[in-house]
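One letter stands for each residue in the lines below.
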Amino acid sequence: MASKNVHEFTEQNFESEVLKSNVPVLVDFTATWCGPCKALAPIVDKIADDYQGRVKVGKLDIDANPNITAKYGIRSVPTVLVFEGGQKKASNAGLTTREKLLQLIGV
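To start, this report covers the structure provided alongside it.

1. Considering helix α2 (residues 35–50)
Between its first and last C-alpha, α2 extends 24 Å over 16 residues, near the 22 Å set by a 1.5 Å rise per residue. Of all the bends in α2, the greatest, near 30 degrees, is centred on alanine 41, and the proline proline 42 appears no more than four residues after it. On its buried face, α2 sits against β1 (6–8), β2 (25–30), β3 (56–61), β4 (79–84) and α4 (98–105).

2. Remarks on the pattern of salt bridges
According to the stated counting rule, one finds six salt bridges in the structure shown. Here glutamate 15 makes a salt bridge to lysine 20, at a shortest N to O gap of 3.4 Å. For glutamate 84, the salt bridge identified is with lysine 89, shortest N-O distance 3.1 Å.

3. A look at the nonpolar core
Among the nonpolar cores identified, the biggest contains 17 residues, and Phe14, Val27, Phe29 and Phe83 are the most heavily contacted of them. If you tally residues by element for this core, the top one is β2, at three residues. With near-sequence residues (within four places) excluded, valine 27 lies in contact with Phe9, Phe14, Val18, Gly58, Leu60, Thr79, Val80, Leu81 and Phe83. With 16 residues, the next largest nonpolar core counts Val6, Val55, Val57 and Ile105 among its residues.

4. Digging into the pairing of β2
Across the six residues that make up β2, a large majority, six, are buried. Along β2, one buried face is formed by Val25, Val27 and Phe29 and the opposite face, lined by Leu26, Asp28 and Thr30, is buried too. Across six bridges, the pairing between β2 and β3 is parallel. What sits directly across from valine 27, in β3, is glycine 58. As a crossover connection, the stretch from β2 through α2 into β3 is right-handed.

5. Considerations on the environment of aspartate 28
Of note, aspartate 28 is situated in strand β2. On the basis of relative accessible area, aspartate 28 is assigned to the buried category, the value being 0%. For the pair aspartate 28 and alanine 41, spaced 13 residues apart in sequence, the C-alpha to C-alpha distance is 8.7 Å. Those residues in contact with aspartate 28 that lie beyond four places of it in its chain are Leu40, Val44, Gly58, Lys59, Leu60, Pro78, Thr79 and Val80. A distance of 3.1 Å separates the side chain of aspartate 28 from the side chain of lysine 59, its partner in a polar contact.

6. Considering the state of the cysteines
As enumerated under the stated definition, the model contains one disulfide in all. A sulfur-sulfur separation of 2.3 Å characterises the disulfide bridge that pairs cysteine 34 with cysteine 37. As the torsion about the S-S bond is roughly 80 degrees, the cysteine 34-cysteine 37 disulfide counts as right-handed. Note on cysteine 37: relative accessible area 3%, which makes it buried.

So, how was this worked out
Residues numbered from 1 in each chain as written. Predicted model: local features only at pLDDT ≥ 70, side-chain atom pairs only at ≥ 80, totals over all residues. Heavy atoms only, no water. Helix = DSSP H or I, 4+ residues; strand = E, 2+ residues; numbered from the N terminus. Expected span 1.5 Å × (residues − 1). Bend = angle between axes of the 7 residues up to and from the residue. Contact = heavy atoms within 4.5 Å. Salt bridge = Lys/Arg side-chain N within 4 Å of Asp/Glu carboxyl O. Core = buried A, V, L, I, M, F, W, Y, C linked by side-chain atoms within 4.5 Å. Buried < 20%, exposed > 50% of the residue type's maximum accessible area, 1.4 Å probe, protein only. Pairing = 2+ DSSP bridges. Right-handed = clockwise from strand over helix to strand, strands pointing away. Polar contact = N/O pair within 3.5 Å; in protein donor to acceptor, adjacent residues only side chain to side chain. Disulfide = S-S within 2.5 Å.

The following block contains the structure:
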């Protein structure tokens with residue numbers, strides 16, 4: 001079950017929710033058909049719960065949001081990007097660990 005603290009990012013809200021955020025943002029680029037994405041989901045959900053208020057966490061469906069996906073050069077899923085101050089700060093392609101994601105965020 002997805003955490004209530006995980007946002008849904010789209011092409012319509014990406015600028016306001018991600019680029020203009022006052023806190024670091026972890027964006028999980030995902031797809032409904034992606035097996036490794038389903039394996040990463042509980043890790044992303046737990047980070048969203050544990051760091052609520054300090055880090056914004058959300059998912060972006062690559063099939064529903066092709067322009068953002070292309071803009072950031074996403075070629076495989078899952079890919080996680082971390083944004084801070086409107087800029088891409090870090091990235092990780094492929095299934096990863098909670099520890100690696102926390103390193104990317106810097107918490």
